[in-house]
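Fold and contact review
Letter by letter, the chains look like this.
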Amino acid sequence: MTLLGSVRSPADIKRLKHAELVQLAAEIRRFLIEKVSRTGGHLGPNLGAVELTLAVHRVFDSPRDAVVFDTGHQAYVHKIITGRQEGFDRLRKRGGLSGYPSRSESDHDLVENSHASTALSYADGLARSFQLQGKRRHAVAIVGDGALTGGMCWEALNNIAADQERPVVIVVNDNGRSYAPTIGGLAEHLAALRLNPSYEKALESGRRTLRNLPVVGRSLYTGLHAAKSGIKDAISPQVMFSDLGLKYLGPVDGHDLRAMEHALQMARSFGGPVIVHAVTRKGNGFAPAENDQAELMHQVKVIDPETGLPTKPAPTSWTDVYSDELVRIGAERPDVVAITAAMLGPTGLRKFAEAYPDRCIDVGIAEQHGMTAAAGLAMGGLHPVFAVYSTFLNRAFDQLLMDVALHKQPVTVTLDRSGITGDDGASHNGMWDLSILGLIPGIRVAAPRDAVTLREELREAVAVDDGPTVLRFAKGSVIEEVPALERVGGVDVLRRGGNDVLLAAVGAFGKLAVAAADRLAAQGVGVTVVDPRWVVPVPSTLVEMAAEHRLVVTLEDGGRHGGFGSALAAALRDAELDVPLRDLAVPNRFLDHASREEVLAELGLTEETIATRIADWVADRPGARVAPLRVASSPDRPEAANG
Ligand SMILES: Cc1ncc(C[n+]2csc(CCOP(=O)(O)OP(=O)(O)O)c2C)c(N)n1
Ligand SMILES: CC(=O)[C@@H](O)[C@H](O)COP(=O)(O)O
Ligand SMILES: [Mg+2]
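All values derive from a computational prediction rather than experimental measurement.

How each quantity is defined
Residues numbered from 1 in each chain as written. Chains lettered and ligands numbered in written order. Predicted model: local features only at pLDDT ≥ 70, side-chain atom pairs only at ≥ 80, totals over all residues. Heavy atoms only, no water. Salt bridge = Lys/Arg side-chain N within 4 Å of Asp/Glu carboxyl O. Helix = DSSP H or I, 4+ residues; strand = E, 2+ residues; numbered from the N terminus. Axes fitted to C-alpha atoms, helices over the stretch in contact; angles between N-to-C directions. Parallel < 35°, antiparallel > 145°, perpendicular 65-115°, else oblique. Contact = heavy atoms within 4.5 Å. Nonpolar A, V, L, I, M, F, W, Y, C, P; charged D, E, K, R; others polar. Pairing = 2+ DSSP bridges. Near = heavy atom within 4 Å. Polar contact = N/O pair within 3.5 Å; in protein donor to acceptor, adjacent residues only side chain to side chain. Areas by Shrake-Rupley, 256 points an atom, 1.4 Å probe, with all protein chains shown as cover. UniProt positions renumbered as here; feature names shortened; annotations may be inferred. Buried < 20%, exposed > 50% of the residue type's maximum accessible area, 1.4 Å probe, protein only. Donors = N, O, S within 2.8 Å, 3.2 Å for Na, K, Ca; no water. Right-handed = clockwise from strand over helix to strand, strands pointing away. 1 Å grid on protein atoms, 1.4 Å probe; cavity = no way out; pocket = protein on both sides within 12 Å on 5 of 7 lines; lining within 4 Å. Points joined across faces, edges and corners; volume = space filled by probe spheres on them. Left-handed = near helix turned anticlockwise from the far one by under 90°.

What about the pattern of salt bridges?
In total, this model carries 45 salt bridges according to the counting rule given. Here Arg533 and Glu457 are joined by a salt bridge, their closest N and O atoms 3.5 Å apart. Here Arg533 is found in the loop between β15 (527-531) and β16 (534-536), whereas its partner Glu457 is found in helix α20 (residues 451-462), with 76 residues between them in sequence.

Below, the structure is given as structure tokens:
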């Protein structure tokens, strides 16, 4: 029996001897490579967190001590230790193990939000809570060097440092990477240390030698210790942290179990806020990951466990189309600069950065800063394109509203992963962007339905120079082309089918809408399908089209609450048009992880279900009554096509 087979809880690793722990770490690595190769997931980050996580669970007493993982993508080892090995065959699958901590899976899990840079704030809150209730429990936050570039971390550190009696243990998992190498002054500080790994070994052997000398050794050691601190301060972030009032321990080799345990025991006994700076290697122990210079296998699809190569070729994605078009735009528009928040590759900016290295800015995991810096870049005469996942736009809403839009600055925000993303769970779905963007005065939002309109609408967006524009597109393989019959006032007519129903489909749902309309035609229901293209503000042409139909249905891969359907309904009210409208969208709730396709099916956003619902509405069946068309008489509005 393997040691891993005997691990059901942290108690099982506390009793292991060092040699057994070393063996267990090797078994865990083999387990991770075997399982994650089959399911896909965050292989690199978790291979880098094996010893660190073992040490945390040996020194602290989860769940009595609160252990919080920042972002949560590197919590697989934590799940293995806390009795969930069996779940890895269905990692990130519907009904299976979440790829992030999950409160419903275990009381060892606290934070499910996969948005980075939150762990220190949780730890501050938890520690205050324990303190106020007189509970002698530790709050332990495991935060990556990438997450540490997020502003929330520094807000939290400022608060954590305020009370020297509050036991908060911050384990910085410093592997020098977000996806790409971590950027910024902090990263330089950490790197200076990380690049001198011998630093600690030299100091350690120095300590041992001097301690063994007779009397002179001790005093010499004290003197050198002062010198060491001087040296250490000179190149280590200790100054930065200790000036904040935080005890700093490290740097420690995050793969050295003894060193990690020793440091964590010191931190545990300290009884106040303390940072343990662990230096780790993302992808450690799996050569294909260690050799993946771009991202150290931050995240993999299904791969060959020997070679690390994907088992299936990746289809052309929306991101690929965007990436290539932006490079072409960059050649024509020297004023266009790109911004990423530590996601150069995933948001399609890598080619732009290679072509125009001085015009691509990585701000770290700092979307708020990125957005306001974009406003500054625009005020300085450039046209920034900020590429960010839809869900992470949430972080920069106020900056887009008050720093960009209020000043009518020509910033283009491209939202990758808009709509349901699925297997990264609730906090990664791009389902809130249309709702929050609809609140911003003067903003213009486009939702391309295919590769052709993505290129076209991206160009239209960067051509706007009197305010912010946004382009939203989905995750996964791109729809090559959904041709339009004609363009009327900026709105593309995808299918003409009479006046029973006007089906307005947003973005990638254009193809789905045409398919549903074809089904309905076979049932004698006439559906005209249109793609609004620019969905915020609602095109006036769409309101005019609505007036000519018995029923309007909207279809969007985004939140129903405040989405496109809501906006069109408001526009119809403003036009005093009493056309019934039904909106098919994502309900306002947090969605469990599953594939994008599975989630859409669960939500009824499939060709068959859409057709059935529209047929019900049109057939005026019980429970789905749709009043006949009533149009408020107005001299300047064409009469309705049918009564
Ligand atoms: C607010 C936010 N922006 C972007 C991301 C995307 N993201 C997920 S993991 C990651 C890199 C995290 O780097 P680090 O914290 O150093 O952890 P590591 O993977 O190196 O262990 C990023 C940018 C996110 N989760 N949250
Ligand atoms: C945690 C993390 O890395 C996320 O940002 C997520 O994994 C991205 O997934 P996709 O890039 O596959 O959408
Ligand atoms: Mg990192």
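A few points about the packing of helix α2 (residues 18-39) against helix α12 (residues 257-270)
As a packed pair, α2 and α12 sit with axes 10 Å apart at the nearest point and diverge in direction by 110°. Looking at the two axes, α2 sits roughly perpendicular to α12. For the pair α2 and α12, contact is made by His18, Leu21 and Val22 and by Leu257, Arg258 and Glu261, respectively. For the contact of α2 with α12, the class distribution of residues is 3 nonpolar, 1 polar and 2 charged.

Examining the sheet that holds β16
For sheets, the rule is that strands pair by backbone hydrogen bonds, running either parallel or antiparallel. Here we have 7 strands laid out as an open sheet, ordered β7-β6-β8-β9-β11-β10-β16, and mixed in their pairing. Two strands in the sheet have a free side with no partner beyond their single neighbour: β7 (360-362) and β16. Ignoring which end each strand starts from, the neighbouring axes of this sheet average 25° apart. Of the strand pairs in this sheet, strand β8 (residues 383-389) and strand β9 (residues 412-416) are connected by 5 bridges, and their pairing is parallel. Each residue of the ladder has a partner; that of Val388, found in β9, is Leu415. Relative to strand β11 (residues 469-472), α20 is tilted by about 165°, and along the sheet it contacts β8, β9, β10 (444-446), β11 and β16.

So, the site of ligand 2
Around ligand 2 sit His42, His73, Tyr100, Tyr179, His298, Gln299, Met343, Tyr389, Arg417, Asp424, His428 and Lys475, and those are all the residues in its vicinity. The separation between an oxygen atom of ligand 2 and a polar side-chain atom of Tyr179 is 2.9 Å. Here an oxygen atom of ligand 2 sits 2.6 Å away from a polar atom, N or O, in the side chain of Tyr389. Considered on its own, ligand 2 offers 360 Å² of accessible surface; in the complex 94% of this is hidden by protein. Of the residues belonging to the shell around ligand 2, the class tally is 4 nonpolar, 5 polar and 3 charged.

Thoughts on the site of ligand 1
Contacts to ligand 1 come from 23 residues, most closely from His73, Ser114, Gly146, Arg177 and Glu367. Take Ser114: an N or O atom from its main chain is 2.8 Å from a nitrogen atom of ligand 1. Here a nitrogen atom of ligand 1 sits 2.7 Å away from a polar atom, N or O, in the side chain of Glu367. Bound to the protein, ligand 1 loses 98% of the 590 Å² it would expose on its own. Looking at the shell around ligand 1, its residues break down into 8 nonpolar, 10 polar and 5 charged.

With respect to the UniProt feature "binding site: Mg(2+)" (unreviewed entry) in the chain
According to UniProt, the feature "binding site: Mg(2+)" (unreviewed entry) maps to Asp145 and Asn175 in the numbering used here. These residues run over 31 residues, yet every pair of their C-alpha atoms falls within 6.8 Å of each other. As for its position among the elements, Asp145 is in the loop between β2 (139-144) and α7 (151-160). Sequence-distant contacts of Asp145, defined by excluding residues within four places in its chain, comprise Asn173, Asp174, Asn175, Gly176, Arg177, Thr182 and Leu190. Residue Asn175 is classed as buried on the basis of its relative accessible area, which comes to 13%.

Quick notes on the UniProt feature "binding site: thiamine diphosphate" (unreviewed entry) in the chain
Those residues carrying the UniProt feature "binding site: thiamine diphosphate" (unreviewed entry) are His73, Ser114, His115, Ala116, Gly146, Ala147, Asn175, Phe286 and Glu367 in this numbering. An extended arrangement is adopted by the annotated residues: their sequence extent is 295 residues, and the largest C-alpha distance between any two is 31.6 Å. Looking at where His73 falls in the secondary structure, it is placed in the loop between β1 (66-69) and α5 (76-81). On the basis of relative accessible area, His73 is assigned to the buried category, the value being 13%.

What to know about the coordination of the magnesium ion (ligand 3)
Note on the magnesium ion (ligand 3): its protein donors are Asp145 (OD), Asn175 (OD1) and Arg177 (O). The metal-donor distances range over 2.0 to 2.2 Å. Mapped onto the sequence, the residues coordinating the magnesium ion (ligand 3) show the spacing D-x29-N-x1-R.

Some words on the pairing of β11
Going residue by residue along β11, you find Thr469 and Leu471 tucked away on one face and Val470 and Arg472 tucked away on the opposite face as well. Taken together, the 4 bridges between β9 and β11 define a ladder with parallel strand orientation. Directly across from Val413, in β11, lies its bridge partner Val470. When β10 meets β11, the two strands line up parallel, connected through 3 bridges. Bridge pairing in β11 places Val445 opposite Val470. Since β10 and β11 lie parallel, the crossover through α20 that links them has a hand, and here it is right-handed.

What to know about the sheet that holds β1
Pairing is parallel in the open sheet, where 5 strands are placed in the order β1-β2-β3-β5-β4. Of all strands in the sheet, those with a lone pairing partner are β1 and β4 (247-253), marking the two edges. The sheet shows a mean angle of 15° between the axes of neighbouring strands, taken without regard to direction. In terms of strand pairing, β1 meets β2 through 4 bridges, oriented parallel. Looking at the pairing, Val68 lines up with Ala141 of β2. Where helix α6 (residues 119-132) meets the sheet, its contacts fall on β1, β2 and β3 (168-174), and the angle it forms with β2 comes to roughly 175°.

Overview of empty space enclosed by the protein
Applying the stated criterion to the full structure yields 3 cavities of 30 Å³ or more. In terms of lining residues, the largest cavity is bounded by Ser418, Ala447, Pro448, Arg472, Phe473, Ala474, Val506, Gly507, Ala508, Asp557 and Arg596. Residues that form the lining of the largest cavity fall into these classes: 6 nonpolar, 2 polar and 3 charged.

A look at the packing of helix α21 (residues 509-521) against helix α25 (residues 607-618)
It is the contact of α21 with α25, at a shortest axis distance of 8 Å, that shows an interaxial angle of 55°. Judged by the angle between their axes, α21 and α25 are oblique. α21 and α25 meet at a crossing whose hand is right-handed. In this structure, α21 contributes Leu512, Ala515, Ala516, Arg519 and Leu520 to the contact, and α25 contributes Glu607, Glu608, Ile610, Ala611, Ile614 and Ala615. Tallied by class, the residues present in the contact of α21 with α25 amount to 8 nonpolar, no polar and 3 charged.

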